[in-house]
Amino acid sequence: MFADRVLSGMRPTGSLHLGHYHGVLKNWVEMQQEFECLFFVADWHALTTHYDTPQVIEQNVWDMVIDWLAAGVDPARATLFIQSRVPEHAELHLLLSMITPLGWLERVPTYKDQQEKLSEKDLSTYGFLGYPLLQSADILIYRATQVPVGEDQVPHIEFTREMARRFNHIYGREPGFEEKAEAAVKKLGSKKARLYNELRVRFQEQGDGEALESAKSLLDEQQSLSHGDRERLFGYLEGGGKMILSEPEAMLTAASKMPGLDGQKMSKSYNNTITLREDEASVTKKIRTMPTDPARVRRTDHGTPEKCPVWQLHLVYSNEETKQWVRQGCTTAGIGCIECKQPVIAAVLAEQEPMRERAQQYLDDPTLVRNIIADGCEKARKLAGETMRDVREAMGLSYS
Ligand code: TRP
Ligand code: SF4
């Protein structure tokens, strides 16, 4: 019922690396061409686990925004903002907490998993338990339809959908709903009202899915309906109440196959990363000193690409011809490892070049970044405010 709106957030807990680029940012850059996109820095989420190192968060927020811009996220297309600058997220989190069963939160798999994984931290906190609920507030406050996330986040999106349903179920039945819905039908004009009613009956009495779809597109075409009436008509159609919060869908980003310098997945915790804007000398050195097939001790030893982390990088960066050259040269000891690494070094540097360039203007003039974020926060607050008005009203909190 709402136009497509994509929303995603990232926690500012460390500098971004090429794994983030291949796994997440490239995807954001593509999506901004097609959809309305909102991307935000989840600084409150970072505090749920890093509450004792606030300095880390502060530095990472701005670095991360520069990384996004460097990767090609375009502030003219996407809205970029910081979660804590849109305090409405906290308000919605609080209001949703009133109807959130504790068991739902305790059963979210990341709760126990992360507590075990980060066992050096005390995560038996109220804030950490509420992590998925805060995420739900992030999503629901924009009525986002699509949320690009990795596999690990799918339970959070499912939780969000359940929260939306629960909210609509409890608060969507405004007093006099039927009368208000019928009044809204009349506002469609007599011809469309008749069509709407016919389609509604066909769906409700015969379960005719096509009728439901036609009725929905009929409503989509009605420009002049108020937001409230539109919601009522959608709710009335399916026999429910007013739909105040809408259920988002997870948009699965293909798991990043980006290998790190040691052949394992690239990850800060494995200490095998190349950061997004790492300087050229350091990139070159890191790749030059990468481990290779352990069986290839001497230059004259034959190697097996499948046993070599450098080969993994060729799979990401090299064309068929180069890969053929590697396969041939490695297995016959025709090329040395340093030689083999050269095209990878060149490809990584070439990939990073436009990123370094784009970042430079923002490093030279940090107010540019501050302004982009200020703009984004303002836009986000406006959208968030619209949802909050409905939520407050539904929960008996509009006293004007
Ligand atoms: N939990 C997400 C992660 O760790 C970050 C996040 C916070 C998020 N709020 C969000 C992602 C809302 C998508 C939508 O990756
Ligand atoms: Fe790895 Fe290339 Fe050396 Fe073969 S030649 S072991 S693929 S670095």
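A. Here's a closer look at the site of ligand 2. Neighbouring ligand 2 are the residues Thr-292, Asp-293, Arg-296, Cys-308, Val-310, Val-326, Cys-330, Cys-337 and Cys-340. Among the elements of the structure, helix H16 (320–331) and helix H17 (337–364) are those that each provide at least two residues to the shell around ligand 2. When grouped by side-chain class, the residues that make up the shell around ligand 2 number six nonpolar, one polar and two charged.

B. The domain arrangement of the chain, seen in detail. Partitioning the chain into structural domains gives domain 1 (5–172 + 248–256 + 366–394), domain 2 (177–237) and domain 3 (277–363). Of note, the centres of domain 2 and domain 3, computed from C-alpha atoms alone, are 60 Å apart.

C. Quick look at the side chain of Asp-390. Looking at the element boundaries, Asp-390 is found in helix H18 (residues 366–394). For Asp-390, a relative accessible area of 18% puts it in the buried group. A polar side-chain atom of Asp-390 sits 2.8 Å from a polar atom in the side chain of Arg-143.

D. Inspection of the site of ligand 1 at higher detail. Residues in contact with ligand 1 amount to 14 residues; listed here are only the nearest, His-45, Tyr-131, Gln-135, Asp-138 and Gln-153. Note that a nitrogen atom of ligand 1 is positioned 2.7 Å from one of the side-chain N or O atoms of Tyr-131. In the environment of ligand 1, a nitrogen atom lies 2.9 Å from a nitrogen or oxygen atom belonging to the side chain of Gln-153. When ligand 1 sits alone it has 370 Å² of accessible area, and the protein chains cover 89% of it. Taken together, the elements giving at least two residues each to the shell around ligand 1 come down to strand S1 (5–10), helix H8 (131–140) and strand S4 (146–149). Ranked by residues supplied to the shell around ligand 1, first place goes to H8 with four residues. Its residues assigned to classes, the shell around ligand 1 shows seven nonpolar, five polar and two charged.

E. Focus on the packing of aromatic side chains. In this structure the tally under the stated criterion is nine aromatic pairs. An angle of 70 degrees between the planes, with centres 5.0 Å apart, marks the rings of Trp-28 and Trp-68 as edge-to-face. Taken as a pair, Trp-28 in helix H1 (residues 18–34) and Trp-68 in helix H3 (residues 54–71) lie far apart in primary sequence, 40 residues in all. Judged on exposure class, the residue Trp-28 and its partner Trp-68 are both buried. Taken together through their ring pairs, the aromatic side chains of Trp-28, Phe-39 and Trp-68 make up a single cluster. Sitting above the plane of the Tyr-236 ring, Arg-200 keeps its charged end 3.5 Å from the centroid. Stacked on the ring of Trp-62, the Lys or Arg Arg-370 has its end atom at 3.8 Å from the ring centre.

About the cut-offs
Residues numbered from 1 in each chain as written. Chains lettered and ligands numbered in written order. Predicted model: local features only at pLDDT ≥ 70, side-chain atom pairs only at ≥ 80, totals over all residues. Heavy atoms only, no water. Near = heavy atom within 4 Å. Helix = DSSP H or I, 4+ residues; strand = E, 2+ residues; numbered from the N terminus. Nonpolar A, V, L, I, M, F, W, Y, C, P; charged D, E, K, R; others polar. Domains from an automatic or database assignment. Buried < 20%, exposed > 50% of the residue type's maximum accessible area, 1.4 Å probe, protein only. Polar contact = N/O pair within 3.5 Å; in protein donor to acceptor, adjacent residues only side chain to side chain. Areas by Shrake-Rupley, 256 points an atom, 1.4 Å probe, with all protein chains shown as cover. Phe/Tyr/Trp six-rings, centres within 6.5 Å; stacked < 30°, edge-to-face > 60°. Lys NZ or Arg CZ within 6 Å of the ring centre and 35° of its normal.

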